[in-house]
Amino acid sequence: MTIPDKLSLAHLPTPIDQIRRIELPRGKKLFLKRDDQTGTELSGNKIRKLEFLLYDALEQGCDTLITCGGVQSNHARATAAAAAKLGLRCSLVLSSPTRVLPAGNLLLDKLFGATVQLVSPRDFGERLEEIMQQLADEATDRGAKAYQIPVGASNPLGTFGYFLALQEILDQERALGISFDTIVCSVGSGGTYAGLVFANQLLQAGKKIVGINISQTADHFRLITQQLWQGFSQIAEVNEDLTEPLHILDGYAGRGYALNTAEEVDFVRDFARETGVVLDPVYTGKAMRGLMESLKQNHRLFEASEHILFIHTGGLFGLFPKAEEFLLD
Ligand SMILES: Cc1ncc(COP(=O)(O)O)c(C=O)c1O
């Protein structure tokens, strides 16, 4: 198969830590792959995908990055940071129901010099392509060349990021002398999960890859995964169908994207106090809660799991604008 060229921006390999101070059903062990430590400004899962997309952008002679997401998008912040590092301009289209003070990721976007256009969730849903194209046209008018990156960098090229992450995990297994039977991640735009699934098939790794969706439905993301495979297999020059089972655990999106329930807030707080690890409120907090609840309920997906590796995909900055919700006492 062919793996496209990429930049090297993330601090890799990220560590794998065992979480020992949390009660788990007999015979099960939990490990964290610390992809929240891929960097500081460039922290989280997005940078693995951006390494491929930004190589492509530079190859095409682009000098301006345009991307989009929620107002606290980790992906948008990572793109803004990478743009500053590479000397590129960056325009972000961010969905926000209200005018907000720059905090968390939005503060960092501005610090990195990105141009931020806040749009209503309705416009984001209905006019995103048009708004991004308008920004690209404006760039062309000033003699610049724009590179558009979709939500979460989850396009076929971006999925190579987590294809290589699974390869990295297999190398670490050999060094650590552990074999993980189950790998769990949150599913937001689908690229992280898809990359792991594609690698599991093509590297014949034999893992159970479980995604936990934090918005939409499991069926929606099964379809996205199938669609990503079309483009991925073309780039990879692989001539086979996607045959991996697509395990996606539904039921933990709570009140919807970037909204939290009291149970989720309590879970993130308790997890921090018991382990010293901060999960984020939008992705990893919900997904880890889904994993813990499922283990407690003896969910069939994890019946045979003994060594479970949860991918901590980052998102810490998204916690700070939620300070009031997370006020502890
Ligand atoms: C911290 C964090 N974790 C997980 C995800 C989900 O990853 P993906 O969009 O590849 O499904 C995202 C972004 O969407 C994220 O910012």
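What counts and what doesn't
- Residues numbered from 1 in each chain as written.
- Predicted model: local features only at pLDDT ≥ 70, side-chain atom pairs only at ≥ 80, totals over all residues.
- Pairing = 2+ DSSP bridges.
- Helix = DSSP H or I, 4+ residues; strand = E, 2+ residues; numbered from the N terminus.
- Axes fitted to C-alpha atoms, helices over the stretch in contact; angles between N-to-C directions.
- Near = placed C-beta within 6 Å.
- Nonpolar A, V, L, I, M, F, W, Y, C, P; charged D, E, K, R; others polar.
- Domains from an automatic or database assignment.
- Buried ≥ 20, exposed ≤ 12 C-beta atoms within 10 Å, placed from the backbone.
- Expected span 1.5 Å × (residues − 1).
- Contact = placed C-beta atoms within 7 Å.
- Parallel < 35°, antiparallel > 145°, perpendicular 65-115°, else oblique.
- Left-handed = near helix turned anticlockwise from the far one by under 90°.

**Section: the sheet that holds strand S3 (residues 64–70)**
Moving on, step 1. Here we have four strands laid out as an open sheet, ordered S5-S4-S3-S6, and parallel in their pairing. Where the open sheet ends on each side, the last strands, each with one partner, are strand S5 (115–119) and strand S6 (146–148). In this sheet, adjacent strand axes meet at a mean angle of 20° when their direction is disregarded.
Moving on, step 2. Sheet analysis places S3 next to S6, joined by three bridges and oriented parallel. Residue pairing for S6: Thr64 is matched across the bridge by Ala146.

**Structural notes on the site of the ligand**
Moving on, step 1. Close contacts around the ligand come from 20 residues, with Asn74, Gly188, Tyr283, Thr313 and Gly315 the closest.
Moving on, step 2. Listed by contribution, the elements that provide at least two residues to the shell around the ligand are helix H2 (74–86), strand S7 (182–187) and helix H6 (191–202).
Moving on, step 3. Per-element tally for the shell around the ligand: the top contributor is H6, with three residues.
Moving on, step 4. Each residue belonging to the shell around the ligand can be placed in one class, and the counts come to three nonpolar, 16 polar and one charged.
Moving on, step 5. The two domains that each donate at least three residues to the shell around the ligand are domain 1 (16–45 + 155–322) and domain 2 (46–153).

**Observations regarding the environment of Arg127**
Moving on, step 1. Counting through the fold element by element, Arg127 comes out in helix H4 (residues 121–141).
Moving on, step 2. For the pair Arg127 and Leu164, spaced 37 residues apart in sequence, the C-alpha separation works out to 34 Å.

**Quick look at unusual backbone geometry**
Moving on, step 1. The omega angle of the peptide bond from Leu12 to Pro13 is -5°, so this bond is cis rather than trans.
Moving on, step 2. Of note, Pro13 is situated in the segment before strand S1 (16–19).
Moving on, step 3. Of note, Glu237 is a non-glycine position whose phi angle comes to about 55°, a positive value.
Moving on, step 4. Take Glu237: it is sitting in the loop between helix H7 (218–236) and strand S9 (247–249).
Moving on, step 5. A count of 9 C-beta atoms within 10 Å places Glu237 in the exposed class.
Moving on, step 6. A positive phi angle, near 65°, is found at Ala258, a position not held by glycine.

**Some thoughts on helix H5 (residues 160–176)**
Residues spaced three or four apart along an α-helix point in a common direction, a consequence of the helix completing one turn every 3.6 residues.
Moving on, step 1. For H5, which comprises 17 residues, the first-to-last C-alpha distance of 24 Å matches the rise-based estimate of 24 Å (1.5 Å per residue) to within 8%.
Moving on, step 2. Residues of H5 that are buried include every one of Phe160, Gly161, Tyr162, Phe163, Ala165, Leu166 and Ile169, and no others.
Moving on, step 3. At its buried positions, H5 is contacted by strand S2 (29–34), helix H1 (46–59), H6 and strand S10 (307–312).
Moving on, step 4. Following H5 by one or two positions, Gly177 has its phi on the positive side, about 70°.

**Points about the domain arrangement of the chain**
For an interface, size is often stated in terms of accessible area lost upon the parts coming together.
Moving on, step 1. When the domains of the chain are assigned, the result is domain 1 (16–45 + 155–322) and domain 2 (46–153).
Moving on, step 2. Across the boundary between the two partners, domain 1 contributes 24 residues, which contact 23 residues of domain 2.
Moving on, step 3. It is H5 that provides the largest number of residues to the side of domain 1 that touches domain 2, a total of four residues.
Moving on, step 4. Split by residue class, the side of domain 1 that touches domain 2 holds ten nonpolar, 13 polar and one charged.

**Re the packing of H6 against H7**
Moving on, step 1. The N-to-C vectors of H6 and H7 enclose an angle of 60°; their axes lie 10 Å apart at closest approach. Classified by the angle between their axes, H6 and H7 sit oblique to one another. When the axes of H6 and H7 are compared, the crossing they make is right-handed. In this structure, H6 uses Tyr193, Ala194, Val197 and Phe198 to contact H7, whose residues at the interface are Phe221, Thr225, Leu228, Trp229 and Phe232.
Moving on, step 2. Its residues assigned to classes, the contact of H6 with H7 comprises eight nonpolar, one polar and no charged.

**Observations regarding the sheet that holds S2**
Moving on, step 1. The strand order across the open sheet formed by six strands is S1-S2-S10-S7-S8-S9, and the pairing between neighbours is mixed. Pairing within the sheet leaves two strands with one partner each, and these edge strands are S1 and S9. Each strand of the sheet is rotated relative to its neighbour by a mean of 30°, with strand direction disregarded.
Moving on, step 2. Across three bridges, the pairing between strand S8 (residues 208–213) and S9 is parallel. Across the sheet, Val210 pairs through a bridge with His247, a residue of S9.

**Topic: the packing of H2 against helix H3 (residues 104–111)**
Moving on, step 1. Packing of H2 against H3 brings their axes to within 9 Å, and their N-to-C directions diverge by 20°. For the element pair H2 / H3, the angle class is roughly parallel. When the axes of H2 and H3 are compared, the crossing they make is left-handed. On the side of H2, the interface is formed by Asn74, Ala76, Arg77 and Ala80, while H3 contributes Asn105, Leu108 and Asp109.
Moving on, step 2. Looking at the contact of H2 with H3, its residues break down into three nonpolar, two polar and two charged.

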